[in-house]
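Topology and contacts: notes
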Amino acid sequence: MLFEVTADQLDPDRVVKHVRRDDAGAVALFYGVVRDHNRGRKVMHLEYDAYPEMATKVMHQIAAEVKERFGVAEIAIQHRTGRLEIGETSLLVAVSSAHRSEAFEACHALVDRFKEAVPIWKKEVFEGGEEWIEGDLSPPDA
Amino acid sequence: MGTARVRLFARLADLAGTREAAVELGEGLTAAGVFGVLVQRYPSLTGFDAFVRFAVNSEYVPASHPVRDGDEVALIPPVSGGSRAL
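A brief structural summary. (Residues numbered from 1 in each chain as written. Chains lettered and ligands numbered in written order. Predicted model: local features only at pLDDT ≥ 70, side-chain atom pairs only at ≥ 80, totals over all residues. Heavy atoms only, no water.)

**Details of helix H1 (residues 12-19) of chain A**
Residues and elements named next belong to chain A. Formally: Whether a residue is buried, partly exposed or exposed follows from its accessible area with a 1.4 Å probe, protein chains only, as a fraction of its type maximum: under 20%, in between, or over 50%, in that order. Secondary structure elements are taken from DSSP: a helix is a run of H or I of four residues or more, a strand is a run of E of two residues or more, and numbering for both begins at the N terminus. This arc is built from the directions going out from the helix axis to the C-beta atoms. Contacts between residues were defined by any pair of non-hydrogen atoms, one from each residue, lying within 4.5 Å.
Along H1, the residues classified as buried are Val15, Val16 and Val19. Viewed end-on, H1 has its buried residues packed into an arc of 95 degrees, placing them on one side of the element. Set apart from the buried face of H1 by more than 90 degrees, the exposed residues are Asp13 and Lys17. Residues of H1 that are buried make contact with strand E1 (2-6), strand E2 (26-33), strand E5 (74-80) and strand E7 (89-97).

Right, dumping it as structure tokens:
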């Protein structure tokens with residue numbers, strides 16, 4: 001398994017190569033991409049902050065859970081940090097399995113778990129301001 | 001009693017103006033207690049104890065988790081995609 005938090009551009013070829021196996025007939029690859037709008041605002045760019053040591057550890061844990069639950073073959077995850085422009089890739093999740101349905105389902109589950117548990121945060125810089133995006137929980141007034 | 005290293009991220013790092021702090025450990029200090037010490041030092045963190053999760057040595061822990069000499073305590077704001085319920 002491959003788990004990385006990096007300031008460098010992500011590498012889909014490397015991620016896919018990592019999960020390919022002769023007994024796996026399917027590879028699902030998810031790209032998370034920086035979008036130009038959010039909550040009705042025009043987004044200029046994003047800045048990602050991370051706790052890298054813990055992030056890779058949590059990725060390991062959730063990948064182990066998902067691997068067991070769906071019986072998939074291999075998993076690789078990369079997340080980028082620092083400043084990302086519109087259209088750049090922030091997240092890659094690759095899953096291989098014998099058949100396609102497990103690969104799709106496990107990939108979906110991994111992305112969902114990732115977003116709940118992995119300590120990586122994004123600051124949205126939009127037209128007229130900036131804000132840390134902090135999930136569903138309303139923060140106290142700062 | 002020792003010292004813990006505290007790491008701050010995202011909005012909490014912006015508010016405190018630092019990504020790292022050292023906290024002297026008093027008797028029976030918990031993760032929440034460490035946060036209390038930081039609030040004294042960085043009053044802009046006031047009120048955020050209800051908002052963060054704690055990690056000790058890269059594992060999520062409850063606020064009542066005891067902190068020991070040499071531990072790394074991280075203040076984890078909500079991550080971008082989810083809620084606190086795991």
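Back to the text.
**Focus on the interface of chain A and chain B**
Cut-off, in case you're wondering: By definition, the buried area sums, over both parts, the 1.4 Å-probe accessible area that each loses when the two are put together. Salt bridges are defined as contacts in which a side-chain nitrogen from Lys or Arg sits within 4 Å of a carboxyl oxygen from Asp or Glu. Pairs of N or O atoms within 3.5 Å make up the polar contacts considered here, provided that, within protein, one atom can donate a hydrogen while the other can accept it, and that residues adjacent in sequence are counted only when both atoms are side-chain atoms. Residue polarity follows a fixed list, in which Ala, Val, Leu, Ile, Met, Phe, Trp, Tyr, Cys and Pro are nonpolar, Asp, Glu, Lys and Arg are charged, and the others, Gly among them, are polar.
Of the residues lining the interface, 28 residues belong to chain A; the matching set on chain B comes to 27 residues. Between chain A and chain B, a total of about 2400 Å² is buried, with carbon and sulfur atoms accounting for 57% of that surface. Where chain A touches chain B, the interface holds four salt bridges. With a closest N to O distance of 2.6 Å, A:Glu53 and B:Arg7 form a salt bridge. The interface formed by chain A and chain B holds 13 residue pairs in polar contact (both at pLDDT 80 or more) in total. Those elements giving two or more residues to the side of chain A that touches chain B turn out to be strand E4 (41-50), helix H2 (52-70), helix H3 (100-117), strand E8 (120-126) and strand E9 (129-133) of chain A. Taken together, the residues that form the side of chain A that touches chain B break down as 16 nonpolar, two polar and ten charged.

Without other data, these values stay purely geometric and don't point to any function.
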